[in-house]
Amino acid sequence: MRVVADFHVHSRYSRATSRDMEVETLARWARWKGVTLLGTGDFTHPTYFAELKAKLAPTGNGLFVLKRGPRDVSFMLTVEVSNVYVQGGRQRRIHTLIFAPSLEIAARINRVLAGYGKLASDGRPMLGCAARDLAQMVLDVSAECALVPAHAWTPWSSVFGANSGFDSLEECYGAAAARIFAIETGLSSDPPMNWRWSALDRIALISNSDAHSPSRIAREANVLDAELTYRGILDAIRCRDPARFLFTIEFFPHEGKYHWDGHRACGVSWPPEETRRHGGRCTGCGRPVTVGVMHRVEALADRPEGFVPARAVPGRNLVPLAEIVAEALGVGAETGAVESEWMRLIAAGGSELAILIDLPEAELARFTPPRILDGIRRVRAGELSITPGYDGVYGKVSIFGAGPAAPTEAAQAQLALF
């Protein structure tokens, strides 16, 4: 069956998250978005874990559904943890997603990790042990658990990040790296960027929202043809077969807040070649700029832009429907007018992802105003312009203002896979 999965979300017990991030509300938004399977997030937090036990019923196959209410959205036990430690004379900050197949195994993981940090302090706990030790401890609890490096290229908190990461999975996770079969590419990169590094050829590239509020669910996600079971889902990812792992749903990576290099305080935003020309120093204050994802990918890449490996799983770059509606109406994305029109479109089209990906233009035209329909068409075709994000600042998308943009070599290579 077709499964749309978003594995990385947070609960209201994580910092800087909406109070609405709890399973009943998450399930409702998942239906609106068109998501079949949602990660719970934050299962290490004691209060949230108690809520999960009280509100979710196991299906007997490693997944869960709501005990009360509709059961058309499934959940998988997931959590993101942060390891802060010193290795090789440098401080490391590595974020890792953990997947667990049962509440019992999750509880055992919690008991082990409680010795390395205060699990109740944050839904994404900070642990004082090395990432390689984390991986070994989790896999010792159960070989059915999975670990996925989170937002793998983010400068400050990831396995390949310029400021605190490594140059290989093995450096970071040690012997356990052989059992890591996927990485999360993050909002600031997409599959074609990752295809440029041959070291990742054995690795599945997954995409998730890292949502801190319900409306952000499925801004990135994974589309699988898989059995809706814990093992079935992980096997479909692990095999990297485009007949089973169909595609990922992606931001346009330029929109991510660490795509280019830069210095937010001085308003400096540069592509990698400009950073190199200035010796990595901000022209405003002289301090080092934050090296972004594109620069870091280019530093490790051993293939040209546009290279496509065999059996590549493509991505589909999208702009959230609310942003398309907002630009079409000429108002802010958080306004009541956008919310009202978004809900009307969802009621008519079934879900956000059905509208953005599945429904043909002729069918959309039955219930979609012409300017919004034109915006959807332009996004599908990649006919937009984006001012790249940098140093924690999201990129700015223009769908109608700049006219059609020529697809990049990477975009053309990706489109050819569909």
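Residues numbered from 1 in each chain as written. Predicted model: local features only at pLDDT ≥ 70, side-chain atom pairs only at ≥ 80, totals over all residues. Heavy atoms only, no water.

### A short note on the overall build of the chain
Turning to step 1, where the next piece is worked out: Within the chain, the regular secondary structure consists of 15 helices and 17 strands.
Turning to step 2, where the next piece is worked out: Here the C-alpha atoms of the chain give a radius of gyration of 21 Å, agreeing with the 22 Å that 2.2 N^0.38 yields for 418 residues.
Turning to step 3, where the next piece is worked out: Taken along the three principal axes of its C-alpha coordinates, the chain extends 55 × 55 × 40 Å.
Turning to step 4, where the next piece is worked out: Relative to its full complement of 418 residues, the chain shows a buried share of 58%.
Turning to step 5, where the next piece is worked out: For the chain, long-range pairs separated by at least 24 residues make up 69% of all intrachain contacts whose partners lie at least 6 apart in sequence.
Turning to step 6, where the next piece is worked out: When the accessible area of the chain is evaluated, it comes to approximately 16,300 Å², of which 51% is carbon and sulfur surface.
Turning to step 7, where the next piece is worked out: The centroid of the 46 positive side-chain charges in the chain is displaced by 5 Å from the centroid of its 46 negative side-chain charges. (Helix = DSSP H or I, 4+ residues; strand = E, 2+ residues; numbered from the N terminus. Rg over C-alpha atoms; globule rule 2.2 N^0.38 Å. Buried < 20%, exposed > 50% of the residue type's maximum accessible area, 1.4 Å probe, protein only. Contact = heavy atoms within 4.5 Å. Areas by Shrake-Rupley, 256 points an atom, 1.4 Å probe, with all protein chains shown as cover. Lys, Arg positive; Asp, Glu negative; His and termini not counted. Charge placed at Lys NZ, Arg CZ, Asp CG, Glu CD.)

### Notes on the environment of arginine 281
Turning to step 1, where the next piece is worked out: The residue arginine 281 is located in the loop between α8 (272-277) and α9 (293-300) in this model.
Turning to step 2, where the next piece is worked out: Sequence separation of arginine 281 and arginine 124 is 157 residues, and the distance between their C-alpha atoms is 32 Å.
Turning to step 3, where the next piece is worked out: Excluding residues that lie within four positions of it along the chain, arginine 281 makes contacts with Trp270, Gly286, Arg287, Pro288 and Val289.
Turning to step 4, where the next piece is worked out: Reaching out from arginine 281, the side chain makes a polar contact with the backbone oxygen of glycine 286 at a distance of 3.2 Å. (Polar contact = N/O pair within 3.5 Å; in protein donor to acceptor, adjacent residues only side chain to side chain.)

### What about the pattern of salt bridges?
Turning to step 1, where the next piece is worked out: A full pass over the atoms with the stated rule returns 19 salt bridges.
Turning to step 2, where the next piece is worked out: The salt bridge involving lysine 55 is made with glutamate 22; its shortest N-O contact spans 3.8 Å. Of the two residues, lysine 55 sits in helix α2 (residues 46-55) while glutamate 22 sits in the loop between β1 (2-6) and α1 (23-33), which places them 33 residues apart along the sequence.
Turning to step 3, where the next piece is worked out: Judged by relative accessible area, lysine 55 falls into the partly exposed class, the value being 24%.
Turning to step 4, where the next piece is worked out: Judged by its relative accessible area of 11%, glutamate 22 falls in the buried class.
Turning to step 5, where the next piece is worked out: Arginine 31 serves as the salt-bridge partner of aspartate 72, at 3.3 Å between the closest nitrogen and oxygen. (Salt bridge = Lys/Arg side-chain N within 4 Å of Asp/Glu carboxyl O.)

### Focus on the confidence of the model for the chain
Low-pLDDT stretches of the model should not have their predicted coordinates read in fine detail.
Turning to step 1, where the next piece is worked out: Model confidence for the chain is summarised by a mean pLDDT of 96, while 96% of its residues fall at 70 or above.
Turning to step 2, where the next piece is worked out: Here residues 403-407 is modelled with pLDDT under 50, and outside its nearest four sequence neighbours on either side it reaches six contacts, counting other chains as well. (pLDDT = per-residue confidence, 0-100.)

### Describing the environment of serine 11
Turning to step 1, where the next piece is worked out: Its place among the elements puts serine 11 in the loop between β1 and α1.
Turning to step 2, where the next piece is worked out: Taking the C-alpha atoms as reference, serine 11 lies 9.7 Å from aspartate 122; in sequence the two are 111 residues apart.
Turning to step 3, where the next piece is worked out: Each residue touching serine 11, except ones within four places of it in the same chain, is listed here: Thr17, Met21, Asp42 and Tyr48.

### Looking at unusual backbone geometry
Turning to step 1, where the next piece is worked out: Although it is not a glycine, alanine 16 adopts a positive phi angle of roughly 60°.
Turning to step 2, where the next piece is worked out: Here alanine 16 lies in the loop between β1 and α1.
Turning to step 3, where the next piece is worked out: In this structure, alanine 218 takes a positive phi of about 65° despite not being glycine.
Turning to step 4, where the next piece is worked out: Secondary-structure assignment places alanine 218 in the loop between β10 (204-206) and β11 (221-225).

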